[in-house]
Amino acid sequence: MADESARSGSWWATMPGILTATAAVITAATGLLAILAQNGVLGEKNKTLVSEKASAVREAVTPTTSSFPSTSSDPTTTASKPAPLTATAPGTAVGSTTSSSRDGAASGITSSPLRSIPFTGAIVTMLDGTVVKLRKDVKEEYAGTALKTVAGQTIEMQRIRSFELSDWKVRNGNARITLNSGEVIETRIDAYNLVGSNDLGDFSSDFGKIRSVEFIR
């Protein structure tokens, strides 16, 4: 019995035992005060005091939480999502440009198509102001339905919206050619006669007597 009393006394003398006993007493006291406050025995000030003391006791008795940072992350604070990849043609690296686009940018030449559109006739304006309307059988007497430059390039009339002639000498002269795409070519052409027909009959004229030709579509 003496040994048990000694062990009991030594336990009460330890710090954990003192803290546990003190917390138990305070908890019992605050519980009693809370009951009295709820029953109207204590005033509003005492209610607040009891609530504050109860919170202090719970904080003193409850173990502190871990100081390690939380592993959970807020989706709104996560790293920004990578930008979506732009679809490219098979075999083309992302961010790269094709050789045709690089060549066009370097030379400044646009690659608009030279549209070929059949015409239904032509309006020929002569140097003296006479206007002759022809059917769709308009052509150059030897080159056919094309104009040929002195450099050897042929330009089909179906790709031409209109052309104007100037400074004609013998069988060649300057030509300002407007294509169907709106592009303008200034060159020197080599031609003999422009031929065609209308309701009156056949038409034939030397290019040196013509001011302009506009194709009807």
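Note that the structure is predicted; figures quoted are calculated from it, not measured.

Right, let's get into the sheet that holds strand β9 (residues 193-198). In space, the three strands of this open sheet follow the order β3-β9-β10, with antiparallel pairing throughout. Lying at the two open borders of the sheet, with one neighbouring strand each, are β3 (139-140) and β10 (201-206). Summarising the sheet, β3 and β9 pair through two bridges and their orientation is antiparallel. Directly across from Lys139, in β9, lies its bridge partner Val195.

What follows is about the pattern of salt bridges. Per the stated rule, a full pass over the model turns up four salt bridges. We note a salt bridge from Arg171 to Asp190, for which the minimum N-O separation is 3.3 Å. Taken together, the residues span a long stretch of sequence, with Arg171 in the loop between β6 (160-169) and β7 (172-179) and Asp190 in strand β8 (residues 184-190) at a distance of 19 residues. Here Arg176 makes a salt bridge to Glu186, at a shortest N to O gap of 2.4 Å. Of the two residues, Arg176 is situated in strand β7 and Glu186 in strand β8; the sequence distance between them amounts to ten residues.

Once that is clear, we can look at the pairing of β8. In this structure, β7 lies alongside β8, joined through seven bridges in antiparallel fashion. Within the sheet, the bridge partner assigned to Asn172 lies in β8 and is Asp190. The antiparallel hairpin formed by β7 and β8 contains four residues in its connecting segment, where Gly182 sits at a positive phi of about 100°.

Here we take up the side chain of Ser205. With respect to the helices and strands, the residue Ser205 is situated in strand β10. Setting aside its immediate chain neighbours within four residues, Ser205 contacts Met126, Tyr192, Asn193, Leu194 and Ile210.

Moving on: the confidence of the model for the protein. Considering every residue of the protein, the mean pLDDT works out to 74; 55% of them sit at 70 or more. When the criterion is pLDDT under 50, residues 63-73 qualifies, and its contacts beyond four places in sequence or with other chains add up to one contact.

Strand order across the open sheet formed by six strands is β2-β1-β11-β6-β7-β8, with antiparallel pairing between neighbours. The sheet is open, and its two borders are formed by β2 (131-134) and β8, each paired with just one other strand. The average angle at which neighbouring strand axes cross in this sheet is 20°, direction not considered. Sheet topology note: the β6/strand β11 (residues 210-216) ladder contains three bridges and is antiparallel. When the bridges of β11 are listed, Ser162 appears paired with Glu214.

Across soluble globular proteins, nonpolar side chains show a tendency to be buried alongside one another. Judged by nonpolar contacts, the single largest core of 25 residues is most densely connected at Phe163, Phe207 and Phe215. Among the elements that take part in this core, β6 stands out by supplying four residues, more than any other. In this view, Phe207 contacts Glu140, Leu147, Phe163, Leu165, Trp168, Ile189, Ala191, Tyr192, Asn193 and Leu194; residues no more than four positions away in its chain are not counted.

Our focus in this paragraph is the packing of aromatic side chains. For the coordinates displayed, the defined rule picks out five aromatic pairs. An angle of 10° between the planes, with centres 6.5 Å apart, marks the rings of Phe163 and Phe207 as stacked. With a gap of 44 residues between them, Phe163 in strand β6 and Phe207 in the loop between β10 and β11 connect regions that are remote in the sequence. Of the two residues examined, Phe163 and Phe207, each falls in the buried class. When the ring of Phe163 is compared with that of Phe215, the centres are 6.2 Å apart and the planes differ by 50°; the resulting orientation is tilted. On the criterion of sequence distance, the pair formed by Phe163 in strand β6 and Phe215 in strand β11 is long-range, its members being 52 residues apart. Classification of Phe215 by relative accessible area gives buried; the value is 5%. Through successive ring pairs, a cluster of aromatic residues spans Phe119, Phe163, Trp168, Phe207 and Phe215.

About the thresholds
Residues numbered from 1 in each chain as written. Predicted model: local features only at pLDDT ≥ 70, side-chain atom pairs only at ≥ 80, totals over all residues. Heavy atoms only, no water. Pairing = 2+ DSSP bridges. Helix = DSSP H or I, 4+ residues; strand = E, 2+ residues; numbered from the N terminus. Salt bridge = Lys/Arg side-chain N within 4 Å of Asp/Glu carboxyl O. Contact = heavy atoms within 4.5 Å. pLDDT = per-residue confidence, 0-100. Axes fitted to C-alpha atoms, helices over the stretch in contact; angles between N-to-C directions. Core = buried A, V, L, I, M, F, W, Y, C linked by side-chain atoms within 4.5 Å. Buried < 20%, exposed > 50% of the residue type's maximum accessible area, 1.4 Å probe, protein only. Phe/Tyr/Trp six-rings, centres within 6.5 Å; stacked < 30°, edge-to-face > 60°.

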